[in-house]
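Structural overview
Read off the chains here:
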Amino acid sequence: MIFALATPAGKAALAVFRISGSGCHEVISKILDKNIAEFNRVFLRKIIHDGVLVDVSTVVFYKSPKSYTGEDMVEVFCHGGFATLKKLIDLFHNLNIREAEPGEFTKISVLNGKQTLNEAESLLDLINSTTDAEMNMALGVVAGELSNTVSVLGDELDDIRVFVESIIDFDDEDGVDVSLEEVIERLEALRLGFGDLKKQGFRSSNIGKTNGVLMLGPPNVGKSSLFNCLLGQNKAIVSPNPGTTRDMLEGQVLMHKTTFNLVDAAGIRDSSVSEESMGVNKVLNDIDSFPLVLVVCDQEYKTQLKDLRGMIDNKKSLVVKNKSDLCNKQEDGMCLVSAKTGDGIPELKKMISGFFVNSEPSVDQRFILNDRQLELIDGVIKSLEACQGLHYLESIELIAENLKSARNHLNDFLGERSSDELLGEIFSKFCIGK
Ligand SMILES: Nc1nc2c(ncn2[C@@H]2O[C@H](COP(=O)(O)OP(=O)(O)OP(=O)(O)O)[C@@H](O)[C@H]2O)c(=O)[nH]1
Ligand SMILES: [Mg+2]
């Protein structure tokens, strides 16, 4: 039996504990003032231990298999706040309920067939999403759209496998003439299908970077000051000494219904201080992953922009001239601001959010895929590619081998069933056909 706090620990009106495992209804009933005789319904109960009132909470009992994990479960909606949380955690320990490992509830739910591995993995993507587009893509996977798409491709793969295995078997019997053309055509269509699936995938490590905004510029122009100003809090260190910022520092800004991730970074220059060069290299390595770059400069903008020239892509950059309080000469194509006085900041905010509102997400991308999933799809595609050009009957065993390998990758992708089980299924079909 395991328990976990399902909400973040901290000061809040409510907190939710989940308990899962056979016997949990009986154990939790021991600490309630009254019994709970109905499942899936909310009951207000006093939680009492050793005659002492611990909390007044609402409690729900779920009966296996109709629960998140598929086991008997209890959810306790208690009051938030550290004191109550600590009391309840101590109490659960007292009742010999073990604290769950990270992700253990979801792991049990996958093992009990309540959701596929892909759906479970996407829950995390959903939680991490910062834009509507990311959220919709994650939700598509959670709702089983990805699994359905992959299952359709997987069914076709299995069908071709059954056919290929049957040819191998017929071939043992003399005088059977079979053409491989149809198999080759179907394999090619399947390969294209998996290629499309890969194109529809949005790499999960890019979540939150969809609306990423990098502050790029030489040292001391006021990038960190501007970062703080846009964020509305003093998160980054500001100093008159050039080379202050080294690590990349992130902050989320909500503007006009758009959330974006603003990233402050080291000022670009050649430096003999190794930590500073490391910071500069980070910026140069990551610059391409940002859809928008704020090129920050000050009164010395002419030389500064010349130095940055090779790094700026006009399509995705916005030049910002800071320190307008010192020199407010307006230049064409530049946004004039002062991080010190706040002048021009509302206009800059409007320009940034306008950039994201106008840049539509790629219509091709439907699912969030993680590196594991993308690698496995690559594995399937490679196995199918290896079948190309194998037109002769002598190659049939080689095709069968490649298809088996494609299936293994697909099984790992779906995390549903082992290859042995699948082979059993294939051969049961095969027998009927024969
Ligand atoms: N007058 C004036 N000074 C500013 C303005 N913005 C920043 N400064 C000053 O410029 C100096 C450098 O500011 P930072 O924000 O640390 O500059 P930075 O670009 O982050 O510098 P590095 O981290 O070293 O790359 C500080 O002394 C700031 O107070 C501004 O709008 N007007
Ligand atoms: Mg800085």
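Scroll up for the structure.
Source: prediction; values computed, not measured.

1. Examining helix α10 (residues 301-308)
- Of all the residues in α10, the buried ones are Y301, Q304, L305 and L308. Taken down its axis, α10 places every buried residue within 95° of arc, on the same side. Exposed residues pointing more than 90 degrees away from the buried face of α10 are listed as K302, K306 and D307.
- Along its buried surface, α10 packs onto β11 (292-297), β12 (317-321) and β13 (334-336).

2. Digging into the packing of helix α12 (residues 371-385) against helix α13 (residues 396-414)
- Close contact between α12 and α13 brings their axes to 8 Å; oriented N to C, the two are set at 165°. The pairing of α12 with α13 is recorded here as roughly antiparallel in orientation. Like other packed secondary-structure pairs, α12 and α13 cross with a definite hand, here left-handed. The residues of α13 that touch α12, namely those facing R372, Q373, L376, I377, G379, V380, S383 and L384, are N402, L403, S405, A406, H409, L410, D412 and F413.
- Classifying every residue of the contact of α12 with α13 by side-chain character gives eight nonpolar, six polar and two charged.

3. A word on the packing of aromatic side chains
- One pass over the full model with this rule turns up three aromatic pairs.
- Geometrically, the ring pair formed by F17 and F92 is edge-to-face, given 5.2 Å between the ring centres and 70° between the ring planes. Separated by 75 residues along the polypeptide, F17 in strand β2 (residues 14-20) and F92 in helix α2 (residues 82-94) bring together distant segments of the chain.
- Under the relative-accessibility criterion, F17 is labelled buried at 0%.
- Judged by relative accessible area, which is 1%, F92 ranks as buried.
- The rings of F3, F17 and F92 are connected pair by pair, giving a single aromatic cluster.

4. Some thoughts on the coordination of the magnesium ion (ligand 2)
- Looking at the metal site, the magnesium ion (ligand 2) is ligated by S224 (OG) and T245 (OG1), spaced 2.0 Å from it. Here S224, found in helix α8 (residues 223-231), pairs with T245, found in the loop between α8 and β9 (249-255); they are 21 residues apart in sequence, far enough to count as distant. An identical accessibility class is assigned to S224 and T245; each is buried.

5. Description of the pattern of salt bridges
- Here the structure, examined in full by the defined rule, presents 18 salt bridges.
- R191 serves as the salt-bridge partner of E385, at 3.9 Å between the closest nitrogen and oxygen. Note that E385 is positioned in helix α12 and R191 in helix α7 (residues 181-199), a separation of 194 residues in sequence.
- Residue class for E385 comes out partly exposed when judged on its relative accessible area of 36%.
- By relative accessible area, which is 18% here, R191 ends up buried.

6. So, the nonpolar core
- Of all hydrophobic cores here, the largest spans 34 residues; its most connected members are V164, F194, I399 and L403.
- Elements that contribute at least two residues to this core include exactly α6 (145-172), α7, β14 (367-369), α12 and α13.
- Those residues in contact with L403 that lie beyond four places of it in its chain are L157, I160, R161, V164, L187, L384 and C387.

7. A short note on the site of ligand 1
- Around ligand 1 there are 23 residues in total, and K223, S225, G243, T245 and D325 lie nearest to it.
- Here an oxygen atom of ligand 1 and a side-chain polar atom of K323 are 3.5 Å apart.
- Interatomic distance of 3.2 Å between a backbone N/O atom of K340 and an oxygen atom of ligand 1.
- Contact with the protein chains covers 87% of the free accessible surface of ligand 1, which is 650 Å².
- Here the residues of the shell around ligand 1 are counted per class, giving seven nonpolar, twelve polar and four charged.

8. Comments concerning a nonpolar patch on the surface
- A contiguous nonpolar patch, built from L44, L53 and V56 and spanning about 260 Å² of accessible area, is present on the exposed surface.
- Structurally, the position occupied by V56 is in strand β4 (residues 52-62).

9. Side note on the pairing of strand β8 (residues 212-216)
- The buried fraction of β8 is high, at five of five residues.
- Alternating residues of β8 divide into G212, L214 and L216 and V213 and M215, and every residue in both groups is buried.
- Examined bridge by bridge, β8 and strand β10 (residues 258-264) share three bridges and lie parallel to one another. Within the sheet, the bridge partner assigned to G212 lies in β10 and is N261.
- As paired elements, β8 and β11 share four bridges and run parallel to each other. Pairing of L216 across the sheet is with V295, part of β11.

Parameters at a glance
Numbers given to residues run from 1 along each chain, matching the order in which its sequence is written. As a convention, the first chain written is A and the first ligand written is 1, with the rest following in written order. At least 70 in pLDDT is required for a residue's local features to be given in this predicted model, at least 80 for side-chain atom pairs to be given and counted, and no such filter applies to totals for whole chains, interfaces and linings, which use all residues. Heavy atoms from the whole structure form the basis of all side-chain values; hydrogens and water molecules are not counted. Partly exposed residues are those whose accessible area sits between 20% and 50% of the maximum for their type, while under 20% is buried and over 50% is exposed, using a 1.4 Å probe and protein chains only. The way it works is that DSSP assigns letters per residue, a run of H or I at least four long becomes a helix, a run of E at least two long becomes a strand, and they are numbered from the N terminus. Along the arc lie the directions from the helix axis toward the C-beta atoms. Here, residues are in contact when the closest pair of their heavy atoms is within 4.5 Å. Angles run from 0 to 180 degrees between N-to-C directions of axes, and those axes are lines fitted to C-alpha atoms, restricted for helices to the stretch in contact. For classification purposes, angles smaller than 35 degrees are called roughly parallel, those larger than 145 roughly antiparallel, those between 65 and 115 roughly perpendicular, and all remaining angles oblique. Left-handed is the label given to a crossing in which the near helix is rotated counterclockwise from the far helix by less than a right angle, and right-handed is the label when the rotation is clockwise. For this classification, the nonpolar set comprises Ala, Val, Leu, Ile, Met, Phe, Trp, Tyr, Cys and Pro, the charged set comprises Asp, Glu, Lys and Arg, and every other residue, Gly included, is treated as polar. Ring pairs are drawn from Phe, Tyr and Trp, using the six-membered ring of Trp, whenever the two centres fall within 6.5 Å, and their geometry is named by plane angle: stacked under 30 degrees, edge-to-face over 60, tilted for the rest. We call an atom a donor if it is N, O or S and sits within 2.8 Å of the metal, or 3.2 Å for Na, K and Ca. Water is not counted, so some sites may look partial. Only one rule defines a salt bridge in this text: a Lys or Arg side-chain nitrogen within 4 Å of an Asp or Glu carboxyl oxygen. Within this scheme, the nonpolar core is defined by two criteria: the residues are buried Ala, Val, Leu, Ile, Met, Phe, Trp, Tyr or Cys, and they are joined through side-chain atoms within 4.5 Å. Only heavy atoms are used to decide nearness, and a residue is near a molecule or strand if one of them lies within 4 Å of it. Under this definition, polar contacts are N or O atom pairs within 3.5 Å; protein pairs additionally need one hydrogen-donor-capable and one acceptor-capable atom, and for neighbouring residues in sequence, both atoms have to be side-chain atoms. The Shrake-Rupley method, run with a 1.4 Å probe sphere, supplies the accessible areas, and residue values consider only the shown protein chains as cover. What goes into a patch is any residue over 30% in relative accessible area without a salt bridge, connected to like charges within 9 Å or, for nonpolar side chains (Val, Leu, Ile, Met, Phe, Trp, Tyr), within 5 Å. For two strands to count as paired, DSSP must find a minimum of two bridges between them.

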